[in-house]
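Analysis of the macromolecular model
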Protein chains: 2
Amino acid sequence: MSQPQKIVIIGCGAGGGTAAQFARKTDRKAHITVFEIGKYSQYSKCGLPYVISGTIPTFNDLIEFPEEWFQKARIELFLGTIVEHVDTKKQIISAKKGNQHIERSYDRLILATGATPALPPIKGLEQQGKIADGIHVLRTIDDGKRIVAHLRKGKKATVIGAGLIGLELADALYSKGMNVTVVETLPSLLANTLDEDMASLVHEECAKHVRIFSNYRATHVGHTKESISKVFVTHVETGEQQEIDTDILVIATGTKPEASLAKQIGCSIGKTGGIIVNEKSETSIPHVYAVGDCTQYRDFVTGGSVCIGLGSVAVRQGIAAGINAAGGAYTLPKGVLLARTSDFFGIEIAAVGPVTSNMHDCSLVSGKFTGSSLPEYFPGGKPITIKLMVDDTTHRICAAQAVGANAAQRINTFACAILNTMTVDALRTLETAYAPPIAPTLDAVTLVCDVVFLKLARKKG
Amino acid sequence: MSQPQKIVIIGCGAGGGTAAQFARKTDRKAHITVFEIGKYSQYSKCGLPYVISGTIPTFNDLIEFPEEWFQKARIELFLGTIVEHVDTKKQIISAKKGNQHIERSYDRLILATGATPALPPIKGLEQQGKIADGIHVLRTIDDGKRIVAHLRKGKKATVIGAGLIGLELADALYSKGMNVTVVETLPSLLANTLDEDMASLVHEECAKHVRIFSNYRATHVGHTKESISKVFVTHVETGEQQEIDTDILVIATGTKPEASLAKQIGCSIGKTGGIIVNEKSETSIPHVYAVGDCTQYRDFVTGGSVCIGLGSVAVRQGIAAGINAAGGAYTLPKGVLLARTSDFFGIEIAAVGPVTSNMHDCSLVSGKFTGSSLPEYFPGGKPITIKLMVDDTTHRICAAQAVGANAAQRINTFACAILNTMTVDALRTLETAYAPPIAPTLDAVTLVCDVVFLKLARKKG
């Protein structure tokens, strides 16, 4: 009888934890070991803003798979443990938990080392070599706890960065009764998620609840003895300066892949700084996989390289790596669709495919439709706006963005269309489910296709 | 200069009205004439139950395109007008509105004659040659008005037929404070919409609000001098008899295509009784199109013949016929997906593709998943159950049924998958949009695919 397979996973976030689960499902006998640097087993990072807002009662509620779950699944889990060395020749991992030295040999290794917050060059963020009091990032449960503890110190909050997490945080802090200011260097909110015209719908709604300084760069912060007191911002174009009084500052300007261990091992690292992986979540090193925010994969539409920063993708890569490492077979699509969604100040937004500014090489025709989620005669319909981007030559659906009612589930239909390299000519003929209390005979999904189709027809005609 | 194209449309329901609109959009100069037997221009038949319930204030609110709209669009509209004769050689229509005789010649003819209620063989439905007092169908605004007028006469309502319209009506009557009984000959509710196991979820919820006699056939009705008083039902298997006191009876046992005019003209009629049409909505007679509930088309999945009974399909056929008749080009998919949805007693249901009992010739593997619409740690998630039917050999998605949160938009993603003849192997890798307040990392859409995929793998292994 052959020895059981030995699988080691570094990182117990969404990607690593999922890899462990699916490895176990695939091979009931494998030895599976997970090393996690943090104190907690697999939890939802995306849920952190909702504990701050109070929607979710405690940070512990975010733990989706507690230590006991791993125990029951016979997965060895070391929390608070740093992996110090990987010997890829002997296939041995050396790790340290406090004073304890741990060694495990592996047949398959899965890197799920995540990402760390990317701090912008703002003067005064650090004091005596560490992040100054009152300044926060939000990446871990401990970050979240620090923010919650600090909220008592005053009513004025500033968030730097108006991406998904920045706006989720702004909403959370607003709902805690704070006066919130959002600072964004770019002219538009959500620049990686929505085109400027679609983001302006969100801007309008957010501006009813929080103060927004878009096109302003934060240059430095001012402190009192105890804590932060001010953020100084400069208009990107005019150079005009403003100062924002603040009791707490949260920086949400994105992350960078944590790939240092992968570099040591010799994995190919991409230009985004992520570990290059393929559709099996394999790295360039045999028997070494990588998943989640530490990786770089292909964009399905453009073929370009993208850094993964979505929980949904991390989980799917985790499934692939877990199954493949355990001897099964799972192939991901030939690129990520970047299906994404969120909700702030009561507006649901969702998108799939690159934003237009990331599709330089494509000749696109786009169209937009705004309507109601219900037939006009039916009370209670909610507005929904969809924008669709289609390749001018092939008529292939490249991307879609939605703001309003059931944006996410509507975007999933476009995701399915993109994955099938469907044309707008075909998608406009899709039958959608209709009933007066649910959706119109011609849903916004169809009508936005018609808008683009007619534009294409006029161009041709 | 050539003469403008002459297009005549018979019927101004969803199919006919939409055909007129799209003919106008396609050819600004065409002479377009619509003959409608009823008193109203294009209105939503599917909205009728919601006026009865009071959700929509008046029946007039259902009129989506009033007479003035047709006037402005320079579409000649004759309401209350019966088409008496079509001379397909000379291409002339003869119609009668009161004493007025109308003749129009046509280059293209579109039949949109709809369907009429199919009455089951129940004794006592008719008195002195007409439907007895207190007995109703629901197909037109006038039917709806008669039902509303009758509601004052008592608190007890019986609905015969537990299809979509029967249950929508039961919900409407219940919300008006009636004691409602639903009688259904088949063992299961919604037999054309959901498989028995899925329908049982709906049954459970409906039974909290209305009395359900499934597996009971209504045999005869009893009358007092003024109105109906009783419905007698017999258990289909045991022969056990029951009598149901009732003040109003509504029959919702389906419809039959109104194809008599098409027959006269010589259009091929299918075995379902509908006018056979192709993907351009053409009948067997050149220059004659047909759309909506009077037609028979191909089922996309099985290739079999189906009678159209969905507003969403009527509208899409209307688009096709209108555009094609006016010289444009619009091709429908090679069959209908039968995407459908409704909502009763607070439960949203939706489905696409045939119910399993209509797929005799397919060797299917099916699977079911029940989960929450949100991640488990997020409050407010609602249950969602999805059933998926997949071809055993090709792994092609054949049908999906959903009961619960956002069932319809989730089903639209499966509709898109079916239209692309996608396999479950591919669909399970679809990225879906994730955020804690919106949807889990692995949506029920994905997880039901996994259930079926694993069944297929076990069968093979």
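Residues numbered from 1 in each chain as written. Chains lettered and ligands numbered in written order. Predicted model: local features only at pLDDT ≥ 70, side-chain atom pairs only at ≥ 80, totals over all residues.

Structural notes on the confidence of the model for chain A
The criterion, for reference: One confidence number per residue, pLDDT, is output by the predictor and ranges from 0 to 100.
In this model, chain A carries a mean pLDDT of 96, and residues with pLDDT of at least 70 account for 100%. Overall fold confidence (pTM) sits at 0.97, and the ipTM for the predicted complex is 0.96.

A word on the environment of B:Val301
All names here are of chain B. Just so we agree on the cut-off: Secondary structure elements are defined from DSSP: runs of H or I of at least 4 residues count as helices, runs of E of at least 2 residues count as strands, and each element is numbered from the N terminus. Whether a residue is buried, exposed or partly exposed is read from the other C-beta atoms within 10 Å of its own C-beta, which are placed from the backbone; 20 or more gives buried, 12 or fewer gives exposed, and intermediate counts give partly exposed. By the convention adopted here, residues make contact when the C-beta atoms placed from their backbones lie within 7 Å.
Inspection of the secondary structure assignment puts Val301 in the loop between strand 22 (295-298) and strand 23 (305-307). A tally of 24 C-beta atoms within 10 Å means that Val301 is categorised as buried. For Val301 and Gly353, which are 52 residues apart along the polypeptide, the C-alpha to C-alpha distance reads 6.7 Å. Beyond its immediate sequence surroundings of up to four residues, Val301 is in contact with Gly353, Pro354, Cys398, Ala399 and Ile418.

A word on the relation of the copies chain B and chain A
Rules: When the copies are superposed, the least-squares fit draws on C-alpha atoms of residues that have pLDDT of at least 70 in both.
Mapping chain B onto chain A calls for a rotation angle of 180° and an axial translation of 0.0 Å; the resulting RMSD is 0.0 Å. Considering both components of the superposition, the chain copies are consistent with a two-fold axis. The C-alpha atom lying nearest the rotation axis in chain B is that of B:Thr413; the distance is 2.2 Å. Both copies share a contact surface, since 100% of the interface residues of chain B are interface residues in chain A too.

Side note on the sheet that holds strand 12 (residues 156-160) of chain B
Condition: A strand pair is defined by DSSP finding two or more bridges across the two strands.
The five strands lie next to each other as 11-18-12-13-14 (chain B), forming an open sheet whose pairing is parallel. Only two strands of the sheet have a single neighbouring strand rather than two, namely strand 11 (135-136) and strand 14 (211-214) of chain B.

Some points on the interface of chain B and chain A
Taken together, the contact pairs 57 residues of chain B with 57 residues of chain A. Counting only elements with at least two residues in the side of chain B that touches chain A, the list comes to helix 8 (311-325), strand 24 (340-344), strand 25 (347-352) and helix 9 (407-419) of chain B. Considering each element in turn, the side of chain B that touches chain A owes the most residues, 10 residues, to helix 9 of chain B.

A closer look at the nonpolar core
Stated formally: For this entry, the nonpolar core is defined as buried Ala, Val, Leu, Ile, Met, Phe, Trp, Tyr and Cys residues connected by C-beta atoms within 7 Å.
Counting residues in each nonpolar core, the largest one holds 320 residues, and the members touching the most others are A:Leu111, A:Ile411, B:Leu111 and B:Ile411. Residues within four places of A:Leu111 in sequence aside, it is in contact with A:Ile10, A:Gly11, A:Leu261, A:Ala262, A:Ile275, A:Val288, A:Tyr289, A:Ala290 and A:Cys294.

Notes on the pairing of strand 1 (residues 6-10) of chain B
Residues and elements named next belong to chain B. How we decide: When the strands point away from the viewer, a crossover counts as right-handed if the route from the first strand across the helix to the second turns clockwise.
Among the five residues in strand 1, four count as buried, and that is most of the element. Relative to strand 2 (residues 31-35), strand 1 runs parallel, the two sharing five bridges. Note that in strand 2 the partner of Ile9 across the bridge is Val34. This β-α-β element, strand 1 to helix 1 (residues 14-26) to strand 2, shows right-handed connectivity. Pairing between strand 1 and strand 7 (residues 108-111): four bridges, direction parallel. If you follow Ile10 over to strand 7, its bridge partner there is Leu111.

Considerations on the packing of helix 1 of chain B against helix 8 of chain B
Pairs of packed helices are described in terms of their axes, by the angle between the two and the distance that separates them. All names here are of chain B. Where we set the bar: Every angle, taken between N-to-C directions, lies between 0 and 180 degrees, and every axis is a line fitted to C-alpha atoms, over only the stretch in contact when it is a helix. Helix crossings get a hand from a simple test, with the near helix turned counterclockwise from the far one by less than a right angle marking a left-handed crossing and a clockwise turn marking a right-handed one.
At their nearest, the axes of helix 1 and helix 8 sit 7 Å apart, and the two run at 35° to each other. Every pair of crossing elements has a handedness; the one defined by helix 1 and helix 8 is right-handed. Contacts between helix 1 and helix 8 involve Ala14, Gly15, Gly16, Thr18, Ala19, Ala20, Gln21, Phe22, Ala23 and Thr26 on the former and, on the latter, Gly311, Ala314, Val315, Gln317, Gly318, Ile319, Ala321, Gly322, Ile323 and Ala325.

Digging into helix 1 (residues 14-26) of chain A
Residues and elements named next belong to chain A. Convention followed: How far a helix is expected to stretch is found by multiplying one less than its residue total by 1.5 Å.
Over its 13 residues, helix 1 runs 18 Å from end to end, which matches the ideal 18 Å to within 8%, given 1.5 Å per residue. Buried residues dominate helix 1, accounting for 11 of its 13 residues. Taken as a whole, helix 1 has its buried residues at Ala14, Gly15, Gly16, Gly17, Thr18, Ala19, Ala20, Gln21, Phe22, Ala23 and Thr26. The secondary structure elements touched by the buried residues of helix 1 are strand 1 (6-10), strand 2 (31-35), strand 3 (75-78), strand 7 (108-111) and helix 8 (311-325).

As for the pairing of strand 22 (residues 295-298) of chain A
A regular strand places its side chains on the two faces of the sheet in alternate fashion. Residue and element names in this part refer to chain A. With two bridges joining them, strand 20 (residues 275-276) and strand 22 adopt parallel strand pairing. Within strand 22, the position partnered with Ile275 by the bridge is Thr295. By the bridge criterion, three bridges tie strand 22 to strand 23 (residues 305-307) in an arrangement that is antiparallel. Residue pairing for strand 23: Tyr297 is matched across the bridge by Val306.

Remarks on helix 6 (residues 196-206) of chain B
Taken together, the buried positions of helix 6 of chain B are occupied by B:Met198, B:Ala199, B:Leu201, B:Val202, B:His203 and B:Cys206. Structurally, helix 6 of chain B contributes buried residues whose contacts are with helix 5 (164-175), strand 14, strand 24, strand 25, strand 27 (383-391) and strand 28 (397-404) of chain B.

Side note on the sheet that holds strand 27 (residues 383-391) of chain A
Residues and elements named next belong to chain A. One open sheet accounts for five strands, arranged 24-25-28-27-26; its pairing is antiparallel. With partners counted over all chains shown, the strands left at the sheet margins are strand 24 (340-344) and strand 26 (364-372), one partner each. Neighbouring strand axes in the sheet, compared pairwise and without regard to direction, differ in orientation by 10° on average. One ladder, built from nine bridges, connects strand 26 with strand 27; its direction is antiparallel. Its bridge partner lying in strand 27, Ser372 is registered against Pro383. Against the sheet, helix 11 (residues 444-460) engages strand 26 and strand 27, with an angle of about 145° to strand 26.

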